[in-house]
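Given next are the chains, with one letter for each unit.
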Amino acid sequence: MSHDHLRKEVDESGGGSILRRYSSPVVSAKTSVSMKYELKNLATGKVAELNALSGTLGPDALDISHLNRDLGVFTYDPGFMATASTESKITYIDGDAGVLLYRGYPVEQLAAQSSFLEVANLLIHGSLPTNAQLREFQTSITRHTMVNEHLLRFFQGFHHNAHPMAMVSAVVASMAAFYHDTMDTHDPRHREIFAHRIIAKLPTIAAAAYKHTLGQPFIYPRNDLSYCANMLNMFFAVPCEAYAIDPVAAQAIELLFILHADHEQNASTSTVRLAGSTGANPYAAISAGVSALWGPAHGGANEAVLDMLDTIGSAANVGKFLTRVKDKSDSVRLMGFGHRVYKNFDPRAKIIRAMCYRVLDKLGIGNDPLFELALILEEIALKDEYFVSRKLYPNVDFYSGIIYSALGIPRSMFTVLFAIARTAGWVAHWQEMVSDPHMRIGRPRQLYAGPRQRDYQPIAARSA
Ligand code: ACO
């Protein structure tokens, strides 16, 4: 067994304690200790031995859970640049190679051959369902699509121009009020009912948020339609005339939902896990995930990309815009570019880019000016030293908004659609976490940099 040495300078006060060997209780049978590392306090000579845990793919992770006990220090990693927060069997990303696997299956294969509900089932249960299992799952999701009428009344409390993400987050959180006493997170059947309910009802809640902004009546779900076709119907149908669902639109949404279904420990999924780790009602945990997803650095980027393209206006302004993006004193970023994990083309972006051509062509808007502008921007950015040297490539959201827009979906709803798809992943991660007998509350530590202890001053004694 090899021993790599991690060395860290510490000041004289940085003490340590005796070296201990241990095995982590949170490691599953599949995760093995592959190597040992030593971390030495150079001031005191004290050493901690750290196990490197190997998963099935990807880099090892150093188990530092006993570091504070052994050396009296914490690790410091703002933004979790190098910290694995959990072990997971759901999704694997190789950011350098541009690989994304759901339960081991390449996302490209799933995008070409699967359906969103099959992918949701795969994420939650771990293997591809049989025909009978998939039918049962689809039936259960279909039968749970209606929401309690009282829940729909919440929408009346929102102003007509409330952002749909705010409404969806609030209404999902309020589902906890409807299903609290009947939700025992330790009961696998209760967990399953929760999973089916939230996946089934999210499109209904999203459509209600949209209809509320339009001032139109809510459209009830239709059990004869597929998941995505039903969602489109609830968005666009009105009671006074027939609405024909465009199969191109339903297919495009299906594909986008597959691509957005999970992405391992991203900000919103980690939020769901953290909220859920307290034992909170899972609907409340999903609502926390919806809120986290909304930010422009995460799922809100699809909306921000189109706002950015509008701001740029035409190809003539691309150079000027990129100069602003590269100026560190300017807060403007190239939205839809860059990713914490991908340092190569986001594999989802490749698929969506190709889909953009197909969908726009089929809809007869092949020369959509926003898409043309996006392609010019992409081409220039990919040759620019600033983006090349930082390995900044288009991410999934660079193109998704263009497709949603072409399908007639308003910008403020883009992130809501992302939330519907990502609910499958959130549920899978929540399930994985709560069914782990070693689950612990998530509770990071900090490097305190505030004032030392001081005495309270009466107000008369304080100077300005
Ligand atoms: N435009 C301009 N510069 C960028 C961009 C960008 N979009 N993204 C990263 N950079 C630069 C940073 O300024 C930094 O440069 P520096 O080293 O000179 O300081 C370097 O690239 C590294 O960037 P970080 O911000 O440190 O990378 P981080 O991993 O923290 O952020 C993020 C990743 C948030 C996705 C970032 O790339 C970004 O803001 N992108 C735009 C928003 C976006 O598209 N988000 C969607 C992500 S995909 C998803 O969540 C669905």
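### Observations concerning the overall build of the chain
Working step 1: Helix and strand counts for the chain stand at 18 helices and seven strands.
Working step 2: With the principal axes as the frame, the chain shows a C-alpha extent of 80 × 65 × 60 Å.
Working step 3: Buried residues in the chain amount to 38% of all 464 residues.
Working step 4: Sequence separation of 24 or more characterises 75% of the internal contacts of the chain that already satisfy a separation of 6 or more.

### Brief notes about helix H9 (residues 247-260)
Working step 1: Taking 1.5 Å as the rise per residue, H9 with 14 residues should run 20 Å; its terminal C-alpha atoms sit 20 Å apart, in good agreement.
Working step 2: Most of H9 is tucked away: eleven of the 14 residues are buried.

### Some thoughts on the pairing of strand E2 (residues 32-41)
Working step 1: Two elements, E2 and strand E3 (residues 47-54), share eight bridges in a ladder whose sense is antiparallel. When the sheet's bridge partners are listed, Glu38 is paired in E3 with Glu49.

### A few points about unusual backbone geometry
Working step 1: With phi around 50°, Arg103 is a residue other than glycine that occupies positive phi space.
Working step 2: Along the chain, Arg103 turns up in the loop between strand E6 (99-102) and strand E7 (105-106).
Working step 3: Phi angles above zero are rare outside glycine, and Glu264 is one such case at about 40°.
Working step 4: Looking at the element boundaries, Glu264 is found in the loop between H9 and helix H10 (267-276).
Working step 5: Take Glu264: there are 19 C-beta atoms within 10 Å of it, and that puts it in the partly exposed class.

### Considering the domain arrangement of the chain
Working step 1: The domain boundaries assigned to the chain delineate domain 1 (3-84) and domain 2 (108-435).
Working step 2: Its C-alpha centre places domain 1 at a distance of 37 Å from the equivalent point of domain 2.

### Considerations on the nonpolar core
Working step 1: The biggest cluster of nonpolar side chains holds 111 residues, and the ones touching the most others in it are Val119, Leu123, Val168, Ala261 and Ile403.
Working step 2: Excluding its chain neighbours within four sequence positions, the residues that come into contact with Val168 are Ile205, Ala206, Ala209, Val290, Val416 and Ala419.
Working step 3: Residues Leu39, Ala48, Leu50 and Leu71 belong to the second largest nonpolar core, which totals five residues.

### Considering the pairing of E3
Working step 1: What sits between the antiparallel neighbours E2 and E3 is a turn of five residues, in which Gly45 has the positive phi angle 80°.
Working step 2: Here E3 pairs with strand E4 (residues 61-62) via two bridges, running antiparallel. When the sheet's bridge partners are listed, Ala52 is paired in E4 with Leu62.
Working step 3: The antiparallel pairing of E3 with E4 creates a hairpin that spans six residues between the two strands, and Gly58 there sits at a positive phi of about 90°.

### As for the sheet that holds E6
Working step 1: The strand order E5-E6-E7 describes an open sheet built from three strands, whose pairing is antiparallel. Strands with a single pairing partner mark the edges of an open sheet, and in this sheet they are strand E5 (91-94) and E7.
Working step 2: Bridge count between E5 and E6: four bridges; the pairing is antiparallel. By the bridge assignment for E6, Tyr92 is matched with Leu101.

### With respect to helix H18 (residues 414-434)
Working step 1: Counted at 1.5 Å a residue, the expected span for H18 with its 21 residues is 30 Å, and the 30 Å between its end C-alpha atoms agrees.
Working step 2: Arg422 marks the point of greatest bend in H18, at about 40°.
Working step 3: The buried fraction of H18 is high, at 19 of 21 residues.

### So, the packing of helix H8 (residues 227-236) against H9
Working step 1: At a closest axis distance of 8 Å, the pairing of H8 and H9 adopts a crossing angle of 115°. The hand of the H8/H9 crossing is right-handed. Here Cys228, Ala229, Met231 and Leu232 of H8 come into contact with H9, specifically with Ala249, Ala250, Ile253, Glu254 and Phe257.
Working step 2: When the residues that make up the contact of H8 with H9 are grouped by side-chain class, the tally is eight nonpolar, no polar and one charged.

### Describing the packing of helix H3 (residues 116-125) against helix H4 (residues 131-143)
Working step 1: Running from amino to carboxyl end, H3 crosses H4 at an angle of 105°, the nearest separation of the two axes being 10 Å. Relative to H4, the element H3 lies roughly perpendicular. Packed against H3, whose contacting residues are Leu117, Glu118 and Asn121, the element H4 presents Leu134, Phe137, Gln138 and Ile141 at the interface.
Working step 2: For the contact of H3 with H4, the class distribution of residues is four nonpolar, two polar and one charged.

### Observations regarding the environment of Leu259
Working step 1: Here Leu259 lies in helix H9.
Working step 2: Overall, Leu259 belongs to the buried group, with 26 C-beta atoms counted inside 10 Å.
Working step 3: Each C-alpha atom of the pair Leu259 and Arg422 lies 9.2 Å from the other, and the pair is 163 residues apart in sequence.
Working step 4: In this structure, Leu259 is in contact with Val107, Ala111, Arg348, Ile351, Ile352 and Val396, ignoring residues within four places of it in sequence.

Parameters and conventions
Residues numbered from 1 in each chain as written. Predicted model: local features only at pLDDT ≥ 70, side-chain atom pairs only at ≥ 80, totals over all residues. Helix = DSSP H or I, 4+ residues; strand = E, 2+ residues; numbered from the N terminus. Buried ≥ 20, exposed ≤ 12 C-beta atoms within 10 Å, placed from the backbone. Contact = placed C-beta atoms within 7 Å. Expected span 1.5 Å × (residues − 1). Pairing = 2+ DSSP bridges. Domains from an automatic or database assignment. Core = buried A, V, L, I, M, F, W, Y, C linked by C-beta atoms within 7 Å. Bend = angle between axes of the 7 residues up to and from the residue. Axes fitted to C-alpha atoms, helices over the stretch in contact; angles between N-to-C directions. Left-handed = near helix turned anticlockwise from the far one by under 90°. Nonpolar A, V, L, I, M, F, W, Y, C, P; charged D, E, K, R; others polar. Parallel < 35°, antiparallel > 145°, perpendicular 65-115°, else oblique.

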